[in-house]
Amino acid sequence: MNIKEAEAAIEAILFTMGDAVELSQIAKALEQDLSTTEKIIHNMMDRYQNENRGIQIIELDQSYQMCTKKEYYDYLVRIAMQPKKPALTDVMLETLSIIAYKQPVTKIEIEKIRGVKCDHAINKLVEYSLVKELGRLDAPGRPILFGTTEEFLRAFGVQALDDLPVPDPVQIEDFKAEAEEEIQLKLDV
């Protein structure tokens, strides 16, 4: 193994492990002696320092760890402070599944299935690029038709809409029976 390969292997080991790795473990992985491995690591440490890199290798009691230099912490804090995309709520998932299986579908059709308003859920799904406007229905008021996006396919790991799971017909009948029972209970009250 030449020095460049050894350095690349050390970087891979330290980057992947995250925590400090004992010199003996690194040497064993490289199939090198302790002295040679230590010299390679110290040369890397010097080079990282001289090249003003954002990372460094630190030594901790015959162990080594790759970490960020202190002078770049402010950048990391700024990244960490940026808002992350929140997880989809149950309402949003329910709305998204209706759109995925019934597309192209209007907001009115979605609300009819869900039984409640869904403006907020649809707006959030559009904001997250999971749903988009596909056009307008040729009907009074020309309601917007919604459908899923390529981002939806990527996010849910499917190649095409045909790859979506097929609902179990028995389960669908059970859901219909439950819904009819609920409606009947509400009418009786």
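Refer to the structure presented above.
The present account deals with the structure reproduced in this document.

About the thresholds
Throughout this document, residue positions are counted from 1 along each chain, in the order its sequence is written. Predicted model: local features are reported for residues with pLDDT of at least 70 only, side-chain atom pairs are reported and counted for 80 or more only, and whole-chain, interface and lining totals are derived from all residues. Hydrogen atoms and water are omitted, and side-chain values are computed over all heavy atoms in the structure. Axis definition: a line fitted to C-alpha atoms, over the contacting stretch in the case of helices. Angles run 0 to 180 degrees between N-to-C directions. Secondary structure elements are taken from DSSP: a helix is a run of H or I of four residues or more, a strand is a run of E of two residues or more, and numbering for both begins at the N terminus. Convention used here: angles under 35 degrees read as roughly parallel, angles over 145 as roughly antiparallel, angles from 65 to 115 as roughly perpendicular, and any remaining angle as oblique. Working rule for contacts: check all heavy atoms of both residues, and any pair within 4.5 Å makes them a contact. Put simply, Ala, Val, Leu, Ile, Met, Phe, Trp, Tyr, Cys and Pro go in the nonpolar bin, Asp, Glu, Lys and Arg in the charged bin, and everything else, Gly too, in the polar bin. Accessibility here uses a 1.4 Å probe with only protein chains present; expressed as a share of the type maximum, an area under 20% marks a residue as buried, one over 50% as exposed, and anything in between as partly exposed. The arc refers to the directions leading from the helix axis to the C-beta atoms.

Two quantities define a packed helix pair, namely the angle between the helix axes and the distance between the axes. Where helix 1 (residues 3–17) contacts helix 3 (residues 34–50), the axes come no closer than 10 Å and their chain directions differ by 80°. With respect to helix 3, the element helix 1 is oriented roughly perpendicular. Across the interface between the two elements, A6, E7, I10 and E11 of helix 1 pack against I40, I41, M44, R47 and Y48 of helix 3. Across the contact of helix 1 with helix 3, the residue classes tally to 6 nonpolar, no polar and 3 charged.

Of the positions making up helix 7 (residues 119–127), those classed as buried are A121, I122 and L125. Angularly, the buried residues of helix 7 cover 95° about the axis, an arc narrow enough to put them on a single face. Relative to its buried face, helix 7 has exposed residues pointing more than 90 degrees away, namely H120, N123 and E127. Among the structural elements, helix 5 (90–102), helix 6 (107–114), strand 5 (131–136) and strand 6 (144–148) are those in contact with the buried residues of helix 7.

Turning our eyes to something else, we now look at the environment of K4. Counting through the fold element by element, K4 comes out in helix 1. Distance from K4 to H42, taken between C-alpha atoms, is 14 Å for residues 38 residues apart in sequence.

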